[in-house]
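# Residue-level structure breakdown
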Amino acid sequence: MSLVKKRIGLLLAASLGLLSALAVAQSSNVSKEIENRLAPVGKVCMAGDDCAAAPVASASSGEPRSGEEIYGSACSTCHDAGVSGAPMLGSVDDWASRIEKGSETLYDHAINGFNAMPAMGLCSDCSDEEIQATVDYMVEESS
């Protein structure tokens, strides 16, 4: 075999070795990327688990939010458009018969749900007082 052929053979062997090493490294990176994409986004923490003892951080300042603030974040989706018969904010016609029933009835319906209105208007972090303030806000804006 000539010297040129031997060198070409060595170069090919070295090239194949480098390509193999590169393929293994890239395969490892791809495997890590796939593993990261398939990783769970969270975990369930049940009462009695160590993680359940950790306090939950709250974005709240501790002060009750205003009715207008709650309305804007939780109620406007349905009450701005009248979704499923929701009385629209500012519509005297929509609210008149409801207002006649009294504040206590409106509070009860908002807190416990009524017809298509879910309990607490789906504001899972609202207190009863915040829901009442929101009802008061909506009545003021609609009468």
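Everything below is about the structure printed above this text.
Attention in this report is confined to the structure presented alongside it. (Residues numbered from 1 in each chain as written. Predicted model: local features only at pLDDT ≥ 70, side-chain atom pairs only at ≥ 80, totals over all residues. Heavy atoms only, no water.)

### Some points on unusual backbone geometry
Here is the rule we go by: Each helix corresponds to a stretch of at least 4 residues labelled H or I by DSSP, and each strand to a stretch of at least 2 residues labelled E; elements are numbered beginning at the N terminus. Note on exposure labels: buried denotes an accessible area under 20% of the residue type's maximum, exposed denotes more than 50%, and partly exposed covers the range between, all computed with a 1.4 Å probe on protein chains only.
The phi dihedral of S84 falls on the positive side, at around 50°, and the residue is not glycine. Among the secondary structure elements, S84 is positioned in the loop between α2 (67-79) and α3 (92-100). With phi around 50°, N115 is a residue other than glycine that occupies positive phi space. For N115, a relative accessible area of 70% puts it in the exposed group.

### Structural notes on the state of the cysteines
Our working rule: Defined by distance alone, a disulfide is two cysteine sulfur atoms within 2.5 Å.
Taken as a whole and judged by the stated rule, the model has one disulfide. C75 takes part in no disulfide bond, and the closest cysteine sulfur, belonging to C123, lies 7.0 Å away. Under the relative-accessibility criterion, C75 is labelled buried at 14%. Free of any disulfide, C78 has its nearest neighbouring cysteine sulfur in C75, separated by 8.6 Å.

### Observations concerning the pattern of salt bridges
Our working rule: The salt bridge definition used is simple: a Lys or Arg side-chain nitrogen within 4 Å of an Asp or Glu carboxyl oxygen.
Counting across every chain of the model gives two salt bridges. One salt bridge in this structure joins E130 and R65, with 3.1 Å as the shortest N-O distance. Residue E130 is found in helix α5 (residues 128-141), and its partner R65 is found in the loop between α1 (3-38) and α2; the two are separated by 65 residues along the sequence. Look at E130 and you get buried, because its relative accessible area is 7%. Linked by salt bridges that have partners in common, R65, D125 and E130 make up one network.

### Considering the packing of aromatic side chains
We count it as follows: In this scheme Phe, Tyr and Trp rings, the latter by its six-membered ring, pair at centre separations within 6.5 Å, and the angle between planes marks the pair as stacked below 30 degrees, edge-to-face above 60, and tilted otherwise.
Enumeration over the complete set of coordinates arrives at one aromatic pair. Ring geometry for Y71 versus Y137: centroids 5.8 Å apart, planes at 50°, classification tilted. On the criterion of sequence distance, the pair formed by Y71 in helix α2 and Y137 in helix α5 is long-range, its members being 66 residues apart.

### Comments concerning α5
We apply this condition: A helix's residues, less one, multiplied by 1.5 Å, set its expected span.
Its 14 residues give α5 an end-to-end C-alpha distance of 20 Å, which sits within 8% of 20 Å, the value for a rise of 1.5 Å per residue. Within α5, burial applies to E130, I131, T134, V135, Y137, M138 and V139.

### Digging into the packing of helix α4 (residues 103-112) against α5
Formally: An axis is simply a line fitted to the C-alpha atoms; with a helix, the fit covers only the stretch in contact. Between two such axes, the angle follows the N-to-C directions and lies from 0 to 180 degrees. Under this scheme an angle from 65 to 115 degrees is roughly perpendicular, one under 35 degrees roughly parallel, and one over 145 degrees roughly antiparallel; angles in between are oblique. Left-handed describes a crossing whose near helix is turned anticlockwise from the far helix through less than a right angle; right-handed describes the clockwise counterpart. Here a residue-residue contact requires only that any non-hydrogen atoms of the pair lie within 4.5 Å. Residue type decides the class: Asp, Glu, Lys and Arg count as charged, Ala, Val, Leu, Ile, Met, Phe, Trp, Tyr, Cys and Pro as nonpolar, and the leftover types, Gly among them, as polar.
At their nearest, the axes of α4 and α5 sit 9 Å apart, and the two run at 125° to each other. By the criterion of interaxial angle, the relationship of α4 to α5 is oblique. The crossing of α4 and α5 is right-handed. Contacts from L106, Y107, A110 and I111 in α4 reach D128, I131, Q132, V135, D136 and V139 in α5. Of the residues contributing to the contact of α4 with α5, the split by class is seven nonpolar, one polar and two charged.

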